[in-house]
Amino acid sequence: MGNEILLNRDYYQDVAAVGLNYNLFDFGIRKRGLDIAKADDKQKEMLLLKDVRDLKLDVVDLYGETLALYKALGIKRQILELQNELFSINKRLRNAGELSEIEVTNSEIDISETRSDITELENNLSKRLSEFSYYTNKSYAADNVEIDDFPESLDGEDDMPDVLPIGNVARKREEDNHKNPDKADNKTAKLSIEKTIKQSDYKKPAKEDDRDFDIENSLEAKTYDLEILKKQKEYEIQKRANFPKVSFDTRYNLYGSDSNKYFDSFSDIEQRSLSFRISTSFTMFDGMKNINTVNKRKLEVEKLKVQKEMELAELKKKYEQIRLDAENSFLQDENNKRTLGLVNKNLENLERLNANGIIAKAECVKKKLELLDKKQRLEETRIRNYVNRYKLGVLNGNGVE
């Protein structure tokens, strides 16, 4: 009966069997299933690379914003110190009748505004540091954190750092403390960058006809190509789901019996049989279910193709914006560095002139305040330029061979 052999005698029986089944022909369904598994493995690798790349882009943005706030806060505190000094000078000049009350009041207003700016900067810096805590699993406070600056340029091979957000932030300070425990600084947290990326991966933006970025070779394109391949294979499998399947199976049986006791039949396994069979199976009618599923799979393939075009168009727009920003950064970089150097030189000159009594104290403080305002804007521009060029390098290096 079926796969079992029943004898027409009244006694206890047992049977042990070993079977083997092999699919001889299924119109390529099994092969396509293997192709799906291989594509899925490659797709996971692409997604990992894409996540790492996106993490670099996100972290360098966050690091740039945090560094800009950190520098702005330091400059604002210098400005507040100078404004307090100017306020004291103005009060003495007012008492001497050389300055009006309006000028003194304006000095107080400036101090009040700067204090508000400092409070706002501290709040924004604290929020950015809390975001960094998500990556580093460390706690930072705006009043006791030290943030490493970006390198001055990307021109040398060792000047291109990689922002490492996980496990490596504050590592330099921890290593220094380990080497010099007597000089360890356990109160100040440190955010830093590490020089691990080769300069060859980061190049100056090329001309219109010679760009490094290949949209069709991007991680997004590769990921979508693999997803489309998987869906295409699923579509082909579904089309063949009702096709005949030819299979081969064999079965080896061992029989035992005893007319008196059931358990004695196990020790009496002597009869054997071996069978071979080639069979075919197919679905004659499934109520149009498979046709609807095939149409659904086909629509999924077409939908993915449209989504790929949309994703690549968005990526191209993002790259173009970064490229234009980076090109502008290259144009600004030299002039920005030269201007920043002149500002710092002028601040030193003012200190020297004031120390020698060549320039009035109040005039010296006012000029310092003007120069510090310029320095803040220049520092923000320098950080923004560096971030733009770094992001361009990351995107240019995202092709997959």
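Residues numbered from 1 in each chain as written. Predicted model: local features only at pLDDT ≥ 70, side-chain atom pairs only at ≥ 80, totals over all residues. Heavy atoms only, no water.

Trainee: Which residues make up the confidence of the model for the protein chain, and what are the values?
Mentor: Mean pLDDT for the protein chain: 78, with 74% of residues reaching 70 or above. Considering each helix and strand of the protein chain separately, the mean pLDDT is smallest for helix 3 (residues 171-179), with a value of 49, and largest for helix 4 (residues 219-239), with 92. Within the model, the stretch residues 155-174 combines pLDDT values under 50 with 61 contacts to residues more than four positions away or in other chains. (pLDDT = per-residue confidence, 0-100. Helix = DSSP H or I, 4+ residues; strand = E, 2+ residues; numbered from the N terminus. Contact = heavy atoms within 4.5 Å.)

Trainee: Please set out the packing of aromatic side chains residue by residue, giving values where relevant.
Mentor: Applying the stated criterion across every chain, the model contains 8 aromatic pairs. Residues Tyr 63 and Phe 132 carry aromatic rings whose centres are separated by 5.9 Å and whose planes lie at 85° to one another, so their mutual orientation is edge-to-face. With Tyr 63 in helix 1 (residues 29-95) and Phe 132 in helix 2 (residues 101-136), this residue pair connects regions lying 69 residues apart in the sequence. Taking the centre distance of 6.3 Å and the plane angle of 20° together, the rings of Phe 248 and Phe 276 count as stacked. Here the residue Phe 248 occupies a position in strand 4 (residues 245-258), and Phe 276 occupies one in strand 5 (residues 269-281), the gap between them amounting to 28 residues. Assessed through its relative accessible area of 25%, Phe 248 is described here as partly exposed. Residue class for Phe 276 comes out exposed when judged on its relative accessible area of 57%. One aromatic cluster in this structure is built from Tyr 63, Phe 132, Tyr 134, Tyr 135, Phe 150 and Tyr 386. (Phe/Tyr/Trp six-rings, centres within 6.5 Å; stacked < 30°, edge-to-face > 60°. Buried < 20%, exposed > 50% of the residue type's maximum accessible area, 1.4 Å probe, protein only.)

Trainee: Provide a residue-level description of helix 1, including the pertinent values.
Mentor: Taking 1.5 Å of rise per residue, 67 residues should cover 99 Å, and helix 1 covers 97 Å from first to last C-alpha, within 8% of that figure. Immediately beyond the C-terminal end of helix 1, within one or two residues, lies Gly 97, with a positive phi of roughly 80°. (Expected span 1.5 Å × (residues − 1).)

Trainee: Lay out the pattern of salt bridges with the relevant residues and their values.
Mentor: Two side chains of opposite charge can pair, provided their charged atoms sit close to one another. Following the criterion strictly, the structure yields 31 salt bridges and no others. The residue Glu 236 makes a salt bridge to Lys 233 at a minimum N-O spacing of 4.0 Å. Here the residue Glu 236 and the residue Lys 233 both occupy positions in helix 4, the gap between them amounting to 3 residues, near one helical turn. With respect to class, Glu 236 is no different from Lys 233; both count as buried. A salt bridge links Arg 297 to Glu 234, with the nearest nitrogen and oxygen atoms 4.0 Å apart. Of the two residues, Arg 297 is situated in helix 5 (residues 289-355) and Glu 234 in helix 4; the sequence distance between them amounts to 63 residues. Salt bridges sharing common partners tie together Lys 31, Arg 32, Asp 35, Lys 233 and Glu 236. (Salt bridge = Lys/Arg side-chain N within 4 Å of Asp/Glu carboxyl O.)

Trainee: Summarise the packing of helix 1 against helix 2; cite the residues concerned and give the values.
Mentor: Interaxial distance between helix 1 and helix 2 falls to 8 Å at its minimum, and their mutual angle equals 160°. The orientation of helix 1 relative to helix 2 falls into the category roughly antiparallel. Crossing of helix 1 over helix 2 shows left-handed handedness. Tallied by class, the residues present in the contact of helix 1 with helix 2 amount to 19 nonpolar, 7 polar and 15 charged. (Axes fitted to C-alpha atoms, helices over the stretch in contact; angles between N-to-C directions. Parallel < 35°, antiparallel > 145°, perpendicular 65-115°, else oblique. Left-handed = near helix turned anticlockwise from the far one by under 90°. Nonpolar A, V, L, I, M, F, W, Y, C, P; charged D, E, K, R; others polar.)

Trainee: So what's going on with the nonpolar core? Which residues, and what values?
Mentor: Ranked by size, the top nonpolar core spans 37 residues in total, and within it Leu 125, Ile 147 and Phe 150 carry the most contacts. Mapped onto this core, the elements with two or more residues apiece are helix 1, helix 2, strand 2 (145-147), helix 5 and helix 6 (361-396). A total of 12 residues in this core trace back to one element, the largest contributor, which is helix 1. Listed in part, the 16 residues of the second largest apolar core include Leu 82, Leu 350, Val 365 and Leu 371. (Core = buried A, V, L, I, M, F, W, Y, C linked by side-chain atoms within 4.5 Å.)

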